[in-house]
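# Summary of structural features
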Amino acid sequence: MNKTNTYQLRRNQLAERIFTKTGGGIAVISTAPELARNRDSEFPYRHDSDFYYLTGFEEPGATLVMKVDGDGKSFRLQSHLFCRPKDSEREIWDGIRLGPEAAPDALGIDYAHSNKELDQKLGDLLADQGAVYIRLAESAEADRRLRYWMKQVRGQARSGVNPPSEFHDIETLIHEMRLFKDVHEIDIMRRAAEISARAHIRAMQICKPGMREYQLEAELLHEFRNSGAQSVAYNSIVAGGANSCILHYRVGSTELRSGELCLIDAGCELDGYASDITRTFPVNGKFTGPQRVLYDITLAAQEAAIAMTKPGNTFMQPHEAALKVLTQGLLDEKLLKLSELGSLENAIETGAYRRFYMHRTSHWLGMDVHDVGSYREAAQNLTGGEKPWRILKSGMVITVEPGLYIRPADDIDEAFWNIGIRIEDDAVINDSGCELISRGAPVKTDEIETLMKNA
Ligand code: MG
Ligand code: ZN
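Notes on the structure follow. Computed from a predicted structure; not experimentally measured.

What counts, and at which threshold
- Residues numbered from 1 in each chain as written.
- Chains lettered and ligands numbered in written order.
- Predicted model: local features only at pLDDT ≥ 70, side-chain atom pairs only at ≥ 80, totals over all residues.
- Heavy atoms only, no water.
- Donors = N, O, S within 2.8 Å, 3.2 Å for Na, K, Ca; no water.
- Helix = DSSP H or I, 4+ residues; strand = E, 2+ residues; numbered from the N terminus.
- Buried < 20%, exposed > 50% of the residue type's maximum accessible area, 1.4 Å probe, protein only.
- Phe/Tyr/Trp six-rings, centres within 6.5 Å; stacked < 30°, edge-to-face > 60°.
- Pairing = 2+ DSSP bridges.
- Contact = heavy atoms within 4.5 Å.
- Axes fitted to C-alpha atoms, helices over the stretch in contact; angles between N-to-C directions.
- Core = buried A, V, L, I, M, F, W, Y, C linked by side-chain atoms within 4.5 Å.
- Domains from an automatic or database assignment.

### A word on the coordination of the magnesium ion (ligand 1)
Ligation of the magnesium ion (ligand 1) by protein atoms is provided by D265 (OD), D265 (OD), D276 (OD) and E424 (OE), these donors lying 2.0 to 2.5 Å from the ion. Read N to C, the donor residues that coordinate the magnesium ion (ligand 1) are spaced as D-x10-D-x147-E. Between the two metal centres, the magnesium ion (ligand 1) and the zinc ion (ligand 2), the spacing is 3.0 Å, with D276 acting as a shared donor. With D265 in strand 11 (residues 261–266) and D276 in the loop between strand 13 (273–274) and strand 14 (277–282), this residue pair connects regions lying eleven residues apart in the sequence. Looking at D276, the relative accessible area reads 3%, which means it is buried.

### What about the packing of aromatic side chains?
For the structure shown, the criterion picks out seven aromatic pairs. When the centroid spacing of 6.0 Å and the interplanar angle of 65° are considered together, the rings of Y7 and Y52 count as edge-to-face. With Y7 in helix 1 (residues 3–22) and Y52 in helix 2 (residues 49–55), this pair connects stretches of sequence that are 45 residues apart. Just as Y7 is buried, Y52 falls in that class too. Here W364 and Y375 contribute two aromatic rings whose centre-to-centre distance is 4.9 Å and whose plane-to-plane angle is 5°, an arrangement assigned as stacked.

### With respect to the sheet that holds strand 13
The strands that make up a sheet pair up through hydrogen bonds in the backbone, lying either parallel or antiparallel. Read from one edge to the other, the open sheet built from three strands follows the order 9-12-13, with strand pairing classed as antiparallel. The sheet is open, and its two borders are formed by strand 9 (231–232) and strand 13, each paired with just one other strand. Examined bridge by bridge, strand 9 and strand 12 (residues 268–270) share two bridges and lie antiparallel to one another. Looking at strand 12, one finds that S231 is bridged to E269. In this fold helix 8 (residues 183–206) packs onto strand 12 and strand 13, with an angle of close to 145° to the strand it touches most, strand 12.

### What about the nonpolar core?
Note that soluble globular proteins tend to have their nonpolar side chains buried in a common cluster. Counting residues in hydrophobic clusters, the biggest one holds 114 residues, and the most contacted among them are L14, L216, I264, F281 and L294. Sorting elements by how many residues they give to this core places helix 8 first, with nine residues. Residue-level mapping places this core at the junction of two domains, with at least three residues from each of domain 1 (3–178) and domain 2 (183–454). Excluding anything up to four places from it in sequence, L216 contacts A203, C207, M211, V238, L256, C262, I264 and F281. Grouped together as the second largest cluster of nonpolar side chains are 16 residues, I26, I134, V153 and V161 included.

Okay, structure coming up:
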């Protein structure tokens, strides 16, 4: 299947969902705006994930319009792309544009127009369309545009044209599709995870006491870009010593010291897809006794969670499995007191573990690092109350990332102070269980030590 067909297929699947929901309608979805960084410098441009999912088109200034006509039994899809027109002057400065003339062939779109015609053409396209699918409450600018288009249609009322009367959130439909990755997507995600795993290995190999956090970040970036990844998937975390206990620590200039741990949470974005890996290793290449104890508990928790990452289980089951192992470990090491809590069950139920483990074990992974898709089942026949957790199915991709974070406190054995550990891998759910696509990076203590010793 070629690239174009992948996106055509997705547009057809979305059209079918629109047809099923409202018998037809019109969908409008724009890509992301360019953002100023400072003065006349811009942030590196990143397309909107939903827009890219449906078009494979990376240029700014583009909008996709899908017109779905249904006759009750079947539907017909007509797709329009509005994009930046060719402009020889601008292209000298900013680079080549695809342009509306070449877009239909290149992207498998029915009609392409200059984005300068968007406001005028949308007035025509919205005429006599019952249902409109857009991002609801997206931005003031998007609302302004929609008001303008609606005004155009309403202005034609006396010529017998009806304005749309229903507005639906298009994200709900697209995000449900994006939750299930096709082979094309899983192939990219495997390659992204391989690159990120190599970056973690590189950082472990180069790490020496006395280096600074930002120097390891530089090694990660080198591996990402040198391997063809376009960007990081999120801001890298490189956290030495006490910083490892700060969940969203960025990268600073803290010196990496012998006897301390370094926690790296970093992943590249390749061809629009994220990877998300965390490894924790000793700065000097050798785990101390207390570090090893907590590391092995975290790894055992991750293995327990991975065993529950399979089709038919709920999204929460891996988390529950990890919690059990982590909490038992905390009790064993007297970080939680059995005499106070009474039992493992009670330590979990009361949330006593949250002092040392305060985040969830998993999130969806895809085009966005915290990817889209509902964590709850739709459960149409359920009124009120909580909907059940999502059932895991083949094609979903989740992270499995338990951790333990021990900050200094009077009631904590000093040997455990400032030990922050997280181990995170990316799991593609298949028919029988899951495939860990990020295990190119070593995860067992002796594997890490051997790697660092031989560096
Ligand atoms: Mg992460
Ligand atoms: Zn993550």
